[in-house]
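The residues making up each chain are set out below.
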Amino acid sequence: MLNDSIQYQSGILCCDSVALKDILIQTGTPVYIYSLKRALSNLERIRQAFAAVHPHIHYSAKANANLAVLGALVQAGAGVDAVSAGEIHRAFLAGADPADIVFAGVGKTPNELGYALEHGVGWINVENVGELQIINDIVAGLGRTPARVALRLNPDVSANTHHHIATGHGTAKFGLSAEVVRGVLKQQADYPHIRFDGLHIHIGSQLHDSRATRQAVQLARELMAPYPDIRTLNIGGGLPVAYSPDETIPDWNDFASDLLSLLEGCEVILEPGRSIIADAGLLATSVLYRKQQNEHTLLITDSSMAELIRPALYEAHHEIVPLFQPTEKDSLSYEIVGPVCESSDVLGHNVSLPDDLRAGDVLAILTAGAYGMAMASNYNQRVRPPEVVVSEDGKSWFIARRRETWDDLLRTEL
Ligand code: LLP
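An account of the accompanying structure is given in this report. (Residues numbered from 1 in each chain as written. Predicted model: local features only at pLDDT ≥ 70, side-chain atom pairs only at ≥ 80, totals over all residues. Heavy atoms only, no water.)

**Observations regarding the overall build of the protein chain**
At step 1: A tally of helices and strands in the protein chain yields 12 helices and 20 strands.
At step 2: The C-alpha atoms of the protein chain give 22 Å as radius of gyration, which agrees with the globular expectation for 414 residues (22 Å, within 12%).
At step 3: Across the 414 residues that make up the protein chain, the buried fraction comes to 56%.
At step 4: Summarising the internal contacts of the protein chain: among those between residues at least 6 apart in sequence, 68% fall at separations of at least 24. (Helix = DSSP H or I, 4+ residues; strand = E, 2+ residues; numbered from the N terminus. Rg over C-alpha atoms; globule rule 2.2 N^0.38 Å. Buried < 20%, exposed > 50% of the residue type's maximum accessible area, 1.4 Å probe, protein only. Contact = heavy atoms within 4.5 Å.)

See below:
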């Protein structure tokens, strides 16, 4: 959706003060474009919403791990939520202090745990009892001070979100049941090289209300209560963004204030991803062909499910707007599709756009900064697009990642 950073100025679509067409002359399409200003102001808005509990904000790198984005957020004081050694490595390159990194994930390998612990990563969020023994043994071998662990609780609640991104129901693969958490906490002495300092919950992404989070926090507090040393509660990510004008989402301040009283007395960690970077980014794409298919008017673009998989994977909606602000022109309903050989390669259904669009015209797929490039693939041997960052001043911009080449596609084959 359009916002303070991604909007029309004098009829031309801009990212802050930069006209998209000026970027496109140099980069071509498809290209991801991000507003640092928007990302940083989102970070600040989250900080303000939860200010009463002085949260530690660990940006969830899985949403968008571009080094320039990560670096700017780290510079602004965010820690990092990483789910693989690859993300930890990136976080280091982006300047993150190891102590400000949380390492999460349902299936960390012993090598990844070793890498994290050797480098002094601040927190390990644990989701398997077997993982505890591995951590304990690694730390013993390294002769380090005990590792700080937060057990991830599966609170068995159902989050109000798309079923593919809900994680807190009892049958999900994530976390440990309350019973297992209770059992582990009773047996803490079995792991002399671990400090059980916190609990972690993340019940889903794009949460449309705070109800299930409140239930989860309440349960976590009950489990923590007998252990005064367990003071940290990591409540995960999940703050929602509006993908269309008619999607009603809770205001972040309201979402936070629903939780604040339940968080009193805790050290609070948040792991927002989408809410920081989604609406700071767009994917610019060109129309390759216009084709009439019975009653449907198709615009076939140079972007596809390889560049942005969310519509194909989750039936996710992204607003699609033209480069030049439509005047009073007649509009038409289009199907916006990509060139990939899959029927699900549809970027937008029934998209209302000016009726005279044709090959060469540029469209912007909005709210694509999170889980866009991060989930892009080389399917159909497509090269992944470049990423452009518009600096915090809103005026200067740079290519933070170049377009891949055919050589890049072959580089790892022997
Ligand atoms: N913490 C944990 C443990 C997570 O699993 C996630 C996201 C986050 C934090 C960040 O959540 P956020 O603030 O972004 O909601 N690819 C999907 C979203 C998958 C989210 C996975 N976990 C999408 O495009 O909607």
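**What about the nonpolar core?**
At step 1: Grouped together as the largest cluster of nonpolar side chains are 103 residues, with contacts concentrated most on Phe50, Ile124, Ile135 and Leu151.
At step 2: Looking at which domains feed residues into this core, each of domain 1 (6-35 + 278-410) and domain 2 (36-274) supplies at least three.
At step 3: Ile135 has contacts with Leu113, Leu117, Ile124, Val126, Ala147, Val149 and Ile194, leaving out every residue within four places of it along the chain.
At step 4: Leu24, Ala284, Ala364 and Leu366 belong to the second-largest nonpolar core, a separate cluster that totals 19 residues. (Core = buried A, V, L, I, M, F, W, Y, C linked by side-chain atoms within 4.5 Å. Domains from an automatic or database assignment.)

**Brief notes about unusual backbone geometry**
At step 1: For the bond from Thr29 to Pro30, the omega torsion is -5°, close enough to zero to count as cis.
At step 2: Structurally, Pro30 can be placed in the loop between helix 1 (20-27) and strand 4 (31-35).
At step 3: Of note, the phi angle at Asn294 is positive, near 50°, even though the residue is not glycine.
At step 4: Within the element layout of this structure, Asn294 appears in the loop between strand 13 (281-293) and strand 14 (296-301).
At step 5: Note on Asn294: relative accessible area 70%, which makes it exposed.

**Quick word on the pairing of strand 10 (residues 194-200)**
At step 1: Here strand 10 lies mainly inside the structure; 6 of its 7 residues are buried.
At step 2: In this fold, the crossover linking strand 9 (residues 147-152) to strand 10 by way of helix 7 (residues 178-186) has right-handed handedness.
At step 3: Sheet topology note: the strand 10/strand 11 (residues 232-234) ladder contains 3 bridges and is parallel. Residue Leu199 lies in a different strand from strand 11, and its bridge partner there is Leu233. (Right-handed = clockwise from strand over helix to strand, strands pointing away. Pairing = 2+ DSSP bridges.)

**So, empty space enclosed by the protein**
At step 1: Throughout the structure, instances matching the rule amount to 1 cavity of 30 Å³ or more.
At step 2: The computed volume of the largest cavity comes to approximately 120 Å³.
At step 3: As for the largest cavity, its lining consists of 17 residues, of which Ile235, Gly236, Gly237, Gly238 and Phe255 are closest to the centre.
At step 4: Residue classes in the lining of the largest cavity are distributed as 11 nonpolar, 6 polar and no charged. (1 Å grid on protein atoms, 1.4 Å probe; cavity = no way out; pocket = protein on both sides within 12 Å on 5 of 7 lines; lining within 4 Å. Points joined across faces, edges and corners; volume = space filled by probe spheres on them. Nonpolar A, V, L, I, M, F, W, Y, C, P; charged D, E, K, R; others polar.)

**Details of the site of the ligand**
At step 1: Residues in contact with the ligand amount to 19 residues; listed here are only the nearest, Ser205, Glu271, Arg310, Tyr314 and Tyr371.
At step 2: Here Glu271 contributes a side-chain N or O atom positioned 2.6 Å from a nitrogen atom of the ligand.
At step 3: Here a nitrogen atom of the ligand sits 2.7 Å away from a polar atom, N or O, in the side chain of Tyr314.
At step 4: A total of 580 Å² of accessible area belongs to the ligand in isolation, and the protein chains cover 91% of it.
At step 5: Looking at side-chain class alone, the shell around the ligand contains 5 nonpolar, 8 polar and 6 charged residues.
At step 6: Both domain 1 (6-35 + 278-410) and domain 2 (36-274) contribute no fewer than three residues apiece to the shell around the ligand. (Near = heavy atom within 4 Å. Polar contact = N/O pair within 3.5 Å; in protein donor to acceptor, adjacent residues only side chain to side chain. Areas by Shrake-Rupley, 256 points an atom, 1.4 Å probe, with all protein chains shown as cover.)

**Structural notes on helix 9 (residues 252-263)**
At step 1: Relative to the 16 Å expected for 12 residues at 1.5 Å per residue, helix 9 spans 16 Å between its end C-alpha atoms, a close match to the ideal helical length.
At step 2: Every buried residue of helix 9 is accounted for by Trp252, Phe255, Ala256, Leu259, Leu260, Leu262 and Leu263. Buried residues along helix 9 cover an arc of 160° about the axis, so they all sit on one side.
At step 3: Packed against the buried residues of helix 9 are helix 2 (36-49), helix 8 (211-224), strand 11, strand 12 (267-270) and helix 10 (274-277).
At step 4: Where helix 9 begins, the capping side chain belongs to Asp251, and its oxygen is found 2.8 Å from the backbone nitrogen of Asn253.
At step 5: Positive backbone phi, at 85°, marks Gly265, one or two positions downstream of helix 9. (Expected span 1.5 Å × (residues − 1). Arc of directions from axis to C-beta.)

These figures come from the coordinates and say nothing about function on their own.
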